[in-house]
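Below are the chains, spelled out letter by letter.
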Amino acid sequence: MDLVFYFSGTGNSYNVAKALSNNAINIASATNGGNYEADTIGFVFPVYCSLPPVIVTQFIKNSTFKSPYIWAVATYGGGAGGALSAAHKLLKTSGGLSYANGLILPDNSIIYGLEEKVKLKQLGEESGTVSRIKNDINNRVVKLPKNKPFADLVGKLSWFTIKNIYQAKTPRSNEKCTKCGICVRLCPTQNITMAEKGIIFSDKCEYCFGCIHFCPVNAIEFGKIKRHDNAAYHHPKVSADDLIKSKER
Ligand SMILES: Cc1cc2nc3c(=O)[nH]c(=O)nc-3n(C[C@H](O)[C@H](O)[C@H](O)COP(=O)(O)O)c2cc1C
Ligand code: SF4
Ligand code: SF4
């Protein structure tokens, strides 16, 4: 048996995980603290500030994994930074990663605009790269992540900037909100609830930016982060419904 766990805000990692396994499990609904044993165990996740998302870090830290072949694939807008070496370290007690790889997919971090032809090129190369990765995993290729000694520091500084300088600790909706409820159903951490006046954010945000990108009227703002005019994105093959259903187990 093979096990694949993933996390995804806007569908890139979801689409990669589904191409690598029909039974991939969303970490947002996996048992945190479980004991997992399989012939191969894999993780697919986006890179946030050069590191794995906190929800992925916590899931790996709190669970045990027993397998002769553990792998991780990161999706990112520019580069993996220290995300794969961080995953390798987190999995140390389980023997570490045997295989680490990653691929560039459109950046969902809203600050940068996405040029259409660049986006199409990145999406056009996805299936070929994922096929090669799948082949590597099937053949138990060993490929260790490069050690990134300053990754933690870079990650912490980037998060500090996002949360404190850009004040993204306090997401909010503006007057455009139609109370459609998509963000409430979509949020992987149940961080958004609907109230009479509109949506309310709690304090469990993973900064996946799924709510921002899937909001049909552009009503969600994260502190002082200025959204680039060409930043709207979700993977073209992944709908809000796909991500909502992916949390049901
Ligand atoms: C808060 C945040 C931080 C990010 N930081 C990085 C980064 O450090 N390096 C990078 O290459 N991409 C970064 N990205 C881009 C995502 O890693 C990339 O778009 C990823 O494929 C999104 O995957 P998803 O669609 O599965 O959520 C960041 C995105 C977000 C939302
Ligand atoms: S998705 Fe947008 S419009 Fe719908 S409830 Fe959320 S913020 Fe409001
Ligand atoms: S509130 Fe928005 S950005 Fe935060 S975890 Fe939920 S969907 Fe993602």
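So, a few notes on the structure that sits alongside this text. (Residues numbered from 1 in each chain as written. Chains lettered and ligands numbered in written order. Predicted model: local features only at pLDDT ≥ 70, side-chain atom pairs only at ≥ 80, totals over all residues.)

## Comments concerning the sheet that holds strand β2 (residues 25–26)
Argument step 1. The five strands are arranged β2-β1-β4-β6-β7 in an open sheet whose pairing can be described as parallel. On the outer flanks of this sheet lie β2 and β7 (99–104), each paired with one strand and no other.
Argument step 2. Relative to strand β4 (residues 40–46), strand β1 (residues 2–6) is paired through five bridges, and the arrangement is parallel. Its bridge partner lying in β4, Phe5 is registered against Phe43.
Argument step 3. Contacting β4, β6 (69–76) and β7, helix α3 (residues 83–90) runs over the sheet at an angle of about 150 degrees to β6. (Pairing = 2+ DSSP bridges. Helix = DSSP H or I, 4+ residues; strand = E, 2+ residues; numbered from the N terminus. Contact = placed C-beta atoms within 7 Å. Axes fitted to C-alpha atoms, helices over the stretch in contact; angles between N-to-C directions.)

## A word on the site of ligand 2
Argument step 1. Taken together, 13 residues sit near ligand 2, with Cys177, Cys180, Ile182, Cys183 and Cys215 positioned nearest.
Argument step 2. Broken down by class, the residue content of the shell around ligand 2 amounts to nine nonpolar, three polar and one charged. (Near = placed C-beta within 6 Å. Nonpolar A, V, L, I, M, F, W, Y, C, P; charged D, E, K, R; others polar.)

## Side note on the pairing of β6
Argument step 1. Here β6 lies mainly inside the structure; seven of its eight residues are buried.
Argument step 2. When β4 meets β6, the two strands line up parallel, connected through seven bridges. The residue bridging Phe45 from the neighbouring strand is Ala74, located in β6.
Argument step 3. Sheet topology places β6 next to β7; six bridges connect them, and they run parallel. Within β7, the residue paired with Val73 across the bridge is Asn101.
Argument step 4. In terms of handedness, the path from β6 via α3 over to β7 forms a crossover that is right-handed. (Buried ≥ 20, exposed ≤ 12 C-beta atoms within 10 Å, placed from the backbone. Right-handed = clockwise from strand over helix to strand, strands pointing away.)

## Points about the site of ligand 1
Argument step 1. Inspection of the region around ligand 1 gives 26 residues, with Ser8, Asn12, Ser13, Pro46 and Tyr76 positioned closest.
Argument step 2. Of all the elements in the fold, those that place two or more residues in the shell around ligand 1 are α1 (12–20) and β6.
Argument step 3. The greatest single-element share of the shell around ligand 1, amounting to three residues, is contributed by α1.
Argument step 4. Residues belonging to the shell around ligand 1 are distributed by class as follows: 10 nonpolar, 15 polar and one charged.

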